Amino acid sequence: MMITSTRPRVGYLASTFAALALAASSASYAAEDLKIGMILPMTGPFASYGQQILNGVHLYLSEHGDTVEGRKVQLIIKDDTGVAPEISKRAAQELIVKDKAEILAGFGVTPSAFAVAPLSAQAKIPMVVMNAATSSVTEKSPYVVRTSMSMPQTSAPMATWAAKEGITKVYTLVADYGPGHDAEKQFVKTFTEAGGEIVGEVRVPLQNPDYAPFLQRIKDSKPNAVFLFVPAGEQSVAFLKGFEQRGLRDMGVKIISTGDLTDEDVLDATGETAIGAITSFHYSEAHDSTKNKAYTEAYYKAYPSKRPNFLSVAGYDGMHLIYSALKKTGGDASGDKFISAAKGMEWESPRGPISIDPETRDIVQNIYIRKVEKVGGKLQNVEIDLIPNFKDPSK
């Protein structure tokens with residue numbers, strides 16, 4: 001497998017859509033390297049997203065080889081630095097026009113996916129989204145397929161579970177961008193339809209929020225629980241520690257959240273402040289299956305200083321989708337044939353059974369209710385309930 005890694009040139013001039021379409025349509029796949037352009041945050045505040053997705057991609061290639069249908073896989077990695085849509089767009093333009101990439105993949109955050117999707121549509125090039133979780137991502141181009149999740153898909157089950165458990169009053173706190181808006185909207189809809197009451201709502205800045213004033217508002221409103229979505233990473237640690245320091249745990253306020261909050265990448269750093277947090281998500285390192293046991297063992301062997309998480313699994317499954325689609329098309333990565341092959345695809349993932357909805361090109365998967373517990377001296381998201389084969393309820 002050949003890998004090159006570059007950051008897009010700042011002075012790169014955007015090519016016309018006609019040039020993009022020409023570059024994509026003129027690609028000949030027979031016996032040529034398969035160039036996959038990966039647009040990921042490799043530096044900046046979301047660098048762990050890019051690294052974990054790449055870890056999953058590399059692990060899949062190490063297990064299944066670097067050739068599919070006679071075509072050697074070449075990854076071309078572009079660093080978009082995080083929430084920088086113009087950089088993501090320029091990276092995609094370079095990949096399509098200059099590098100002659102036939103598939104675009106990665107997309108750590110929603111703004112990146114939104115910026116690139118129109119180029120995917122115009123050039124008719126497949127775009128495999130391995131994280132960006134705003135529901136409408138798959139609607140921005142008919143050539144987008146997603147192997148991660150959507151926020152409504154993970155937040156609706158949390159609302160249903162909370163109502164069944166007798167939680168009646170909830171304060172919501174979400175990051176102020178697409179995924180946060182989706183999580184908030186779906187949780188509020190599902191929870192209030194089940195008879196619950198929202199006693200307060202707040203949206204916090206995407207980067208470097210000061211949680212202190214928001215936590216005080218939550219404390220003053222005396223809810224049974226706080227529902228939140230914040231990006232996996234340092235914000236999770238900051239919120240959980242602030243929650244503890246402000247005395248909300250002592251008040252009996254429960255934490256109910258999407259699984260980003262207790263992502264394995266930061267779970268150790270949260271310490272015991274995370275114990276007891278209830279989350280809904282599609283993957284846990286502790287998921288009990290033969291497939292996941294093999295995955296986690298292989299992951300630790302390859303990356304002994306990291307923990308496998310939902311991002312790595314999305315990268316792993318994204319490569320599975322690419323390989324499986326190309327096996328169906330005989331190596332032809334052209335947009336219409338590739339997406340046609342991906343629609344309705346189903347397989348067993350480390351997270352459980354998954355499939356691609358042929359109508360939305362989005363993922364259908366189990367959603368698990370998990371509780372943070374210490375298992376063998378290690379914090380884990382222990383699954384306590386299951387919602388099988390769950391689709392994005394907003395579509």
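Counting starts from 1 at the beginning of each chain's written sequence and moves along it residue by residue. Given that this is a predicted model, residues contribute local features only at a pLDDT of at least 70 and side-chain atom pairs are listed and counted only at 80 or more, while totals for whole chains, interfaces and linings are drawn from all residues. Just so you know, side-chain values use all the structure's heavy atoms and leave hydrogens and water out.

J.: Please provide a residue-by-residue account of the packing of aromatic side chains, values included.
T.: Given two aromatic rings, one states the distance between the centres and the angle between the planes to describe the pair. Stacked, tilted and edge-to-face pairs are distinguished by plane angle, under 30 degrees for stacked and over 60 for edge-to-face with tilted covering the rest, among Phe, Tyr and Trp rings (Trp via its six-membered ring) whose centres lie within 6.5 Å. The final tally for this structure, using the stated rule, is 13 aromatic pairs. Each ring, one from F187 and one from F191, has its centre 5.3 Å from the other, and the planes form 20 degrees; the classification is stacked. Residue F187 and its partner F191 are located together in helix α6 (residues 178–193), separated by four residues, close to a single helical turn. Neither F187 nor F191 differs from the other in exposure class; each is buried. For the pair F281 and F310, a centre-to-centre distance of 4.8 Å together with 70 degrees between the ring planes defines the contact as edge-to-face. Within this pair, whereas F281 is found in strand β12 (residues 278–281), its partner F310 is found in helix α12 (residues 310–329), the two being separated by 29 residues in sequence. In this pair, the class of F281 matches that of F310, namely buried. Counting every residue linked through ring pairs, the aromatic cluster contains Y60, Y295, Y299, Y300, Y303, Y316 and Y323. Starting at the N terminus, helices and strands are each numbered in turn, a helix being any DSSP run of H or I of at least four residues and a strand any DSSP run of E of at least two. Relative accessibility decides the category of a residue: with a 1.4 Å probe and only protein chains considered, values under 20% of the type maximum give buried, values over 50% give exposed, and everything between is partly exposed.

J.: Kindly report on the pattern of salt bridges, identifying the contributing residues and their values.
T.: Salt bridge, as used here, is a side-chain nitrogen of Lys or Arg placed within 4 Å of a carboxyl oxygen of Asp or Glu. Here the structure, examined in full by the defined rule, presents 18 salt bridges. With its nearest N and O atoms 2.6 Å apart, the salt bridge here joins R249 to E244. By relative accessible area, R249 is classed as partly exposed at 31%. Residues joined in a network through salt bridges with shared partners are K78, E94, K98 and D99.

J.: I'd like to hear about α12, residue by residue, with values.
T.: One fewer than the residue count of a helix, multiplied by 1.5 Å, yields its expected span. The terminal C-alpha atoms of α12, which comprises 20 residues, lie 28 Å apart, in line with the 28 Å expected from a rise of 1.5 Å per residue. The element α12 is extensively covered by neighbouring structure, given that 17 of its 20 residues are classed as buried. For the purposes of these results, a polar contact is taken to be a pair of N or O atoms within 3.5 Å, where, inside protein, one atom must be able to donate a hydrogen and its partner to accept one; residues adjacent in sequence count only when each atom of the pair is a side-chain atom. Near the N-terminus of α12, the side chain that reaches the backbone nitrogen of L311, with its oxygen 3.2 Å away, is that of N309. Immediately beyond the C-terminal end of α12, within one or two residues, lies G330, with a positive phi of roughly 70 degrees.

J.: So what's going on with the nonpolar core? Residues and values would help.
T.: I36, M38 and I256 are the most contacted members of the largest nonpolar core, which has 75 residues in total. Broken down by element, the residue count for this core peaks at 11 residues, all from α12. Beyond its immediate chain neighbours, meaning those up to four positions away, M38 contacts I53, L54, V57, L75, I76, I77, K78, L95, A105, G106 and M130. The term nonpolar core refers to a set of buried residues drawn from Ala, Val, Leu, Ile, Met, Phe, Trp, Tyr and Cys, joined through side-chain atoms within 4.5 Å. Among the nonpolar cores identified, the runner-up in size contains 23 residues, and V202, F243, L248 and V372 belong to it. In this analysis, two residues are considered to be in contact whenever any of their non-hydrogen atoms come within 4.5 Å of each other.

J.: Lay out the environment of T290 with the relevant residues and their values.
T.: If you trace the backbone, T290 turns up in helix α11 (residues 290–302). Sequence separation of T290 and P350 is 60 residues, and the distance between their C-alpha atoms is 8.2 Å.

J.: So, helix α13 (residues 335–342): which residues are in play, and what are the values?
T.: Three or more residues of α13 are buried, namely G335, F338, I339, A341 and A342. For α13, the angular spread of the buried residues around the axis is 160 degrees, confining them to a single face. In this fold, the buried residues of α13 make contact with β5 (103–106), β6 (127–129), β7 (144–146), α12 and β14 (352–356). Of the residues one or two after α13, G344 is the one with positive phi, at around 80 degrees. The arc in question is the one spanned by the directions pointing from the helix axis to the C-beta atoms.

J.: Please provide a residue-by-residue account of the packing of helix α5 (residues 151–164) against α6, values included.
T.: The axes used here are C-alpha line fits, helices contributing only the stretch in contact, and every angle between their N-to-C directions lies in the interval 0 to 180 degrees. Put simply, α5 and α6 touch, their axes get as near as 8 Å, and they point 35 degrees apart. Note on packing geometry: the crossing formed by α5 with α6 is right-handed. Contacts between α5 and α6 involve M151, P152, S155, A156, M158, A159, T160, A162 and A163 on the former and, on the latter, P179, D182, A183, Q186, F187, T190 and F191. Grouping the amino acids of the contact of α5 with α6 by side-chain chemistry returns 11 nonpolar, four polar and one charged. By convention the crossing between two helices is left-handed if the near helix lies anticlockwise of the far one by an angle smaller than a right angle, and right-handed if it lies clockwise. Following the grouping adopted for this structure description, the nonpolar residues are Ala, Val, Leu, Ile, Met, Phe, Trp, Tyr, Cys and Pro, the charged ones are Asp, Glu, Lys and Arg, and the polar ones are all others, Gly among them.

J.: Quick rundown of the environment of Q74? Include the residues and the values.
T.: Looking at the element boundaries, Q74 is found in strand β4 (residues 71–79). Residues Q74 and D33 lie 41 residues apart in sequence; the distance between their C-alpha atoms is 6.4 Å.

J.: Quick one: what's the story with the side chain of N55, residue by residue and with numbers?
T.: When you line up the elements, N55 lands in helix α2 (residues 47–64). On the accessibility criterion, N55 (3% relative accessible area) is buried. Beyond its immediate chain neighbours, meaning those up to four positions away, N55 contacts Y299, Y303 and K306.

J.: Break down the packing of α12 against α13 for me, with residues and values.
T.: Contact pair α12 / α13: the axes reach a minimum separation of 9 Å and the direction vectors enclose 110 degrees. On the basis of the axis angle, α12 is roughly perpendicular to α13. Crossing geometry of α12 relative to α13 is assigned as right-handed. In this structure, α12 uses L321, I322, A325, L326, K328 and T329 to contact α13, whose residues at the interface are K337, F338, A341 and A342. Residues belonging to the contact of α12 with α13 are distributed by class as follows: seven nonpolar, one polar and two charged. Each angle receives one of four descriptions, namely roughly parallel if under 35 degrees, roughly antiparallel if over 145, roughly perpendicular if within 65 to 115, and oblique otherwise.

J.: Mind laying out the side chain of D260, listing which residues take part and the relevant values?
T.: As for its placement among the helices and strands, D260 is situated in the loop between β11 (254–258) and α10 (264–270). As used throughout, the charge tally considers Lys and Arg to be positive and Asp and Glu to be negative, leaving His and the chain termini uncounted. Despite being buried, D260 has no salt bridge partner; R370 is the closest side chain of opposite charge, sitting 7.9 Å away. At 2.8 Å, the side chain of D260 forms a polar contact with the side chain of T258. Not counting residues up to four positions away in its chain, the partners in contact with D260 are M149, M151, F229, V230, A232, S236, F281 and F310.

J.: Explain the pairing of strand β2 (residues 34–40) residue by residue, including any values.
T.: Residues in a regular strand point their side chains to alternate faces of the sheet. For β2, the tally of buried residues reaches six of seven residues, placing the bulk of the element in the interior. Where β2 and β4 come together, seven bridges link them in parallel fashion. Looking at the pairing, L40 lines up with D79 of β4. The pairing of β2 with β5 spans four bridges and is classified as parallel. Between any two strands, pairing holds if DSSP finds at least two bridges.

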